[in-house]
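# Chain and residue survey
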Amino acid sequence: MSDKRNIKTYDKPAGGWGALKSVTQSWLQSEKPLKNLRAMLKTNQDKGFDCPGCAWGESPESGLVKFCENGAKAVNWESSGRHADPAFFSNHSVSSLKKHTDYWLESQGRLTHPMRYNAKTDCYEPVSWDNAFALIAKHLNALNSPHQAEFYTSGRASNEAAYLYQLFVRAFGTNNFPDCSNMCHEASGQGMKPTIGVGKGTVTFNDFEKADTIFVIGQNPGTNHPRMLEPLRDAVRRGAQVICLNPLKERGLEKFQHPQHPIEMLTNGSTPTNTAYFRPALGGDMAVMRGVAKWLLTWEREATANNDTPVFDHDFINTHTNGMDDYLAVVDNTSWEHIETQSGLSKEDIRHAATMYKRGERVIMCWAMGITQHKHSVATVQEIVNVQLLRGNVGKPGAGLSPVRGHSNVQGDRTVGINEAPPKTLLDALESKFNFAVPRKRGHNTVQAIQAMERGEAKVFIGLGGNFAQATPDTPRTHAALEKCDLTVHIATKLNRSHLTTGKDALILPCLGRTEVDMQVNGQQGVTVEDTFSMVHISYGQLPPTSPELRSEPAIIAGIAKATLGNTPVDWDFLISDYDNIRELIADTIDGFKDFNTKLAQPGGFHLGNAASERKWLTSSGKAEFAVNSLPDSLLNADLVTQGENPDLILQTLRSHDQYNTTIYGMDDRYRNVFGARDVLFVNESDIEKLGFKDGDKVDITSMWNDGKIRQIKQFMLVAYDIPKGQAAAYYPETNPLVPLESYGDGTFTPTSKFIAIKLSKSETDGRIAVNTLSEGHI
Ligand SMILES: Nc1nc2c(c(=O)[nH]1)N[C@H]1C(S)=C(S)[C@@H](COP(=O)(O)OP(=O)(O)OC[C@H]3O[C@@H](n4cnc5c(=O)[nH]c(N)nc54)[C@H](O)[C@@H]3O)O[C@H]1N2
Ligand SMILES: Nc1nc2c(c(=O)[nH]1)N[C@H]1C(S)=C(S)[C@@H](COP(=O)(O)OP(=O)(O)OC[C@H]3O[C@@H](n4cnc5c(=O)[nH]c(N)nc54)[C@H](O)[C@@H]3O)O[C@H]1N2
Ligand SMILES: [Mo]
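Let us look at the structure shown here. Here the residue numbers are simple positions, counted from 1 along each chain's written sequence. Throughout, the order in which chains and ligands are written sets their labels, letters from A for the former and numbers from 1 for the latter. Selection of residues for local features in this predicted model requires a pLDDT of at least 70, selection of side-chain atom pairs for listing and counting requires 80 or more, and totals for whole chains, interfaces and linings are taken over all residues. Just so you know, side-chain values use all the structure's heavy atoms and leave hydrogens and water out.

On to helix α12 (residues 229-237), then. Buried within α12 are the following residues: Leu229, Pro231, Leu232, Arg233, Ala235 and Val236. Secondary structure elements follow DSSP: runs of H or I no shorter than four residues count as helices, runs of E no shorter than two count as strands, and numbering proceeds from the N terminus. Looking one or two residues beyond α12, the residue adopting positive phi is Gly239, at roughly 95 degrees. Here's how the labels work: a residue is buried when its accessible area is under 20% of the maximum for its type, exposed when over 50%, partly exposed in between, all with a 1.4 Å probe on protein chains only.

Rendered as structure tokens:
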């Protein structure tokens, strides 16, 4: 039976009335509409709080309303009036909670009390903070080696919390810092560091106003960075070019109408934000960029022959770069046939993109998960860098590289030391300041942490925020790995599935959210975050805490540290009595934070500095390096190629408009015309037919890998969609059971969430499954 329920047309532009309606709904559902409205108006304002949504930076102009639809959802979600309190936990055993969807779990509201799992009753029961800390200390101190514990961080933790956490963990003795960045922009840092000397974006907000050309590659800002649409739209208005590379025609990039521009709303008009839209194959962007370089080289040679203006920026190349000739040799050696097959674009399409690129004098290239979650992501990032270097588009106003970060402080967390492979300079600085033997051994990233728990080597898991069990690949394996632990601890705001994948002992430690007032001995505290443009600013919570039992993240970390290590290497209580004390330590040990507390007084915060943006290259040669990488022969796993196995489709996993990573706000994806469902698989109509199915059929999806394991999710509805042939798309995290743990990026260990080879089969029973049993149905 074909079931086309609720898949209807949404032809309105991004933003606009739809966004306003959605914001209103999230307000009302929060059950605290008036209080939250007051908080909303403080979002991203001076003396207000930093939006717990994405990492996009602010316009330096004040007075603008600086929240967006999805920021409003994030705020309302955090400041929910509902409570998952001790009574809730005594009514629901862990086994019974596991039967609910991720959406239902978080909808139960804010966690209010520290809770300890009791295996006998299969329930979480209240525990005092002191007993919780003592239990953690007992487990940690019983380990044979500090490397048997894993300390996860999600990207919402403030600089102060993250710094205290890394200090505690390193004083305990390990660099085991798996973090969400390992699954996110790892490839951006690893691609840029050896080439331009810094692992962060080189542009600031103001550069967007000066650019004449902006590339948006593998990113869906309409949903994930809505405030980015505004500078894109402004750019188009002043005649700049915006060039999108995305296999899907994402609504926010196609049309855009801003809810704060009433005239546009009334006329339902919209300004197109893209001037060209290219739809490459999944993983095809390196080939696209190689093709762009090939055209530039062709034109450069023609220009030389005809004595025309050169295409390359020779002054820049001669003064600032190294290795161009070797790079141009691989460009020459890459065939157009190879480029066309792998990119999914024709030589002519790429000529179009290259022409637009060449026309720009100041070009910014932005990218996100469509670039970083592939096997060859580092090489792809480096190819973007190469193309930018050829025309001197790094380190001048209006030009540069912009990996647009995800979580609101994921970049800051790395800056202050959440890093399993820390630079020597950081470790040396810590060692000289604190006088303890800092661990030098490289720690575990996310994939290695799961493998260590699976092997039984890692026995304690502590999560500072996030939802490790759902965000990570190979879901059943990851769950089993977590459940093998002696102790799992989650510092969290809301209940999620990670809390239900319990070790023998398990704790949930509820913390204050970014929106809440944080009172310590010396009064109300602010915390700092770093946005995607390396701007650091302070954030003050506005709402009263959800429960008097809540503690701040720094206070919880200090509590764990003191119970485990005593008052070494620092006086933990003193540090949290006033977060200025923590910031003093950051100022002394982390680059760019000199006079931290003083600088925070500047409205809008301060910039951490970026050497590459000043054309200072912190590489071993002292110059920007062209990277010489060959285009992969095939993007498919080599063993599958050898065995001659052909997938039905290549799947990318992505976010709907109604979710924040594993937090599901609702079951709609307005811009993609899906309402009331997440168990859908977007496929090109002709592929549906070719594979012998009909639009609306239910299918089981199996991924292909080389280890003989069967990874399958069931009962997904086929949706005929405007997607290139051979591709499929479906929502994360439901699709994570399909991603093999060993399928990760070269050098990055980032799961290849945007390139999964799959086969489809008709589901046995074809009836509609209840939406609220979704997650369980698939695992
Ligand atoms: N509201 C909201 N905001 C968020 C988040 C959220 O979940 N909800 N998450 C936050 C986080 S942590 C992050 S990292 C960011 C994520 O921000 P995005 O990277 O925008 O997130 P995805 O939904 O994964 O979208 C990937 C985009 O890349 C395209 N794509 C996929 N594969 C390829 C490819 O091979 N090549 C090209 N050119 N394009 C490709 C997809 O079609 C899609 O448009 O957003 C942050 N902001
Ligand atoms: N298949 C697939 N998998 C992916 C991705 C993908 O595109 N496809 N994307 C990857 C990416 S880019 C990322 S960043 C990761 C995200 O991975 P995570 O960062 O681990 O996941 P989130 O869903 O952001 O975490 C949500 C939980 O954080 C807690 N939380 C919220 N606010 C706070 C707070 O202020 N403090 C604390 N302590 N806890 C809080 C809540 O309890 C909530 O349930 O997922 C990755 N996984
Ligand atoms: Mo992310």
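Let us look at the site of ligand 2. When we say a residue is near a molecule or strand, we mean one of its heavy atoms is within 4 Å of it. As a matter of local geometry, ligand 2 sits amid 31 residues, with Tyr152, Ser154, Glu553, Thr662 and Tyr732 nearest to it. For ligand 2, a nitrogen atom lies 3.0 Å from a polar atom in the backbone of Ile491. In this structure, a nitrogen atom belonging to ligand 2 sits 2.6 Å away from a side-chain N or O atom of Glu553. Looking at which domains feed residues into the shell around ligand 2, each of domain 2 (83-176 + 417-601) and domain 4 (638-773) gives three or more. We call two N or O atoms a polar contact when they sit within 3.5 Å, provided that within protein one can donate a hydrogen and the other can accept it, with sequence-adjacent residues counted only if both atoms are side-chain atoms. As used throughout, domain bounds are those supplied by an automatic or database domain assignment.

Before going further, it helps to examine the pairing of strand β26 (residues 680-683). Judged by which residues are buried, β26 turns out to be covered on both faces: Val680 and Phe682 on one side and Leu681 and Val683 on the other are all buried. Relative to strand β28 (residues 711-720), β26 runs parallel, the two sharing four bridges. Bridge pairing in β28 links Leu681 to Leu718. With two bridges joining them, β26 and strand β29 (residues 727-731) adopt antiparallel strand pairing. Counted as the bridge partner of Phe682 is Ala729 from β29. In this description, strands pair whenever DSSP reports at least two bridges between them.

Now for the site of ligand 1. Residues in contact with ligand 1 amount to 31 residues; listed here are only the nearest, Asn246, Glu250, Asp285, Gln659 and Asn661. At 3.2 Å from a nitrogen atom of ligand 1 is found a main-chain nitrogen or oxygen belonging to Thr223. Between His374 and ligand 1, the recorded distance is 2.8 Å, taken from a side-chain N or O atom to an oxygen atom. Computed with the Shrake-Rupley method and a 1.4 Å probe, the accessible areas treat only the protein chains shown as cover for residues. For ligand 1, whose unbound accessible area comes to 920 Å², protein coverage reaches 99%. Broken down by secondary-structure element, the contributors of at least two residues to the shell around ligand 1 are α11 (221-224), α20 (369-372), β23 (649-654) and β24 (659-660). For this scheme, ten residues count as nonpolar: Ala, Val, Leu, Ile, Met, Phe, Trp, Tyr, Cys and Pro. Four count as charged, namely Asp, Glu, Lys and Arg, and the remainder, Gly too, count as polar. When the residues that make up the shell around ligand 1 are grouped by side-chain class, the tally is eleven nonpolar, 16 polar and four charged. Built from parts of two domains, the shell around ligand 1 gets at least three residues from each of domain 3 (186-404) and domain 4 (638-773).

Once that is clear, we can look at the environment of Leu550. Mapped onto the elements, Leu550 comes out in the loop between β20 (535-539) and α27 (553-565). When its relative accessible area of 9% is taken as the criterion, Leu550 is described as buried. Separated by 57 residues in sequence, Leu550 and Thr493 have C-alpha atoms that sit 9.3 Å apart. Not counting residues within four places of it along the chain, the set of residues in contact with Leu550 comprises Arg110, Leu111, Thr112, Pro510, Cys511, Leu512 and Glu516. In this analysis, two residues are considered to be in contact whenever any of their non-hydrogen atoms come within 4.5 Å of each other.

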